[in-house]
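Secondary and tertiary structure notes
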Amino acid sequence: VQLQASGGGLVQAGDSLRLSCAASGRTFSNYAMGWFRQAPGKEYEFVATISRRGGTTYYADSVKGRFTISRDNAKNTVYLQMNSLKPEDTAVYYCASPSTISYTIATMTAQYYYWGQGTQVTVSS
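Residues numbered from 1 in each chain as written. Predicted model: local features only at pLDDT ≥ 70, side-chain atom pairs only at ≥ 80, totals over all residues. Heavy atoms only, no water.

Regarding the nonpolar core
The nonpolar side chains of a soluble globular protein tend to be buried with one another. Our working definition: Put simply, a nonpolar core is a bunch of buried Ala, Val, Leu, Ile, Met, Phe, Trp, Tyr and Cys residues held in one set by side-chain atoms that sit within 4.5 Å of each other. Throughout, exposure labels follow a simple rule: accessible area from a 1.4 Å probe, protein chains only, divided by the maximum for the residue type, with under 20% read as buried, over 50% as exposed, and the rest as partly exposed. Numbering goes from the N terminus for both helices and strands, where a helix is a DSSP run of H or I of at least four residues and a strand is a run of E of at least two. Between two residues, a contact is recorded if the distance between any of their heavy atoms is within 4.5 Å.
Within the largest apolar cluster, 32 residues are counted, with the highest numbers of intra-cluster contacts made by Trp35, Leu80, Met82 and Tyr93. Elements with a minimum of two residues in this core: strand S1 (2–6), strand S3 (17–24), strand S4 (33–38), strand S5 (44–50), strand S7 (67–72), strand S8 (77–82), strand S9 (91–97) and strand S11 (119–124). Those residues in contact with Met82, other than ones at most four positions away along the chain, are Asp15, Ser16, Leu17, Leu19, Arg66, Phe67, Tyr93 and Val121.

Overview of the packing of aromatic side chains
Applied cut-off: Within 6.5 Å between ring centres, the rings of Phe, Tyr and Trp (the latter by its six-membered ring) count as paired, and their orientation is classed by plane angle as stacked under 30 degrees, edge-to-face over 60, tilted in between.
Overall, the coordinates contain 8 aromatic pairs when judged by the stated rule. Note on Phe36 and Tyr112: the rings are 5.1 Å apart at their centroids and 80° apart in plane angle, and the pair reads as edge-to-face. Pair noted here: Phe36 is in strand S4 and Tyr112 is in the loop between S9 and strand S10 (114–115), with a separation of 76 residues, a long-range link. The buried category is assigned to Phe36, whose relative accessible area is 0%.

And the structure:
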């Protein structure tokens with residue numbers, strides 16, 4: 001299984017970015033997906049998760065109302081639309097997927113087995 005994240009960049013506070021994560025190696029639509037981030041010197045932080053068909057989503061309080069997770073199962077891709085970006089959103093963003101189909105959604109790093117390589121998001125003030 002491979003996860004390839006892209007779309008990061010350097011933006012100003014208030015701007016928007018859309019991250020993409022292309023998956024390959026198994027039936028994408030069978031698994032929940034998630035986004036996490038890691039700021040320098042900090043632990044991984046859960047950002048958002050989405051169920052197999054996209055009907056259920058869940059967000060960290062810090063991004064609720066600003067970020068939207070979505071997926072296109074025909075394209076084997078999950079997205080993270082990030083609006084109203086803040087300097088505290090600066091981090092490396094990772095997409096991830098569990099090894100099991102048992103999870104409808106998943107919010108903990110321990111529930112995820114496959115991780116993408118990360119894409120840097122930097123928000124300047």
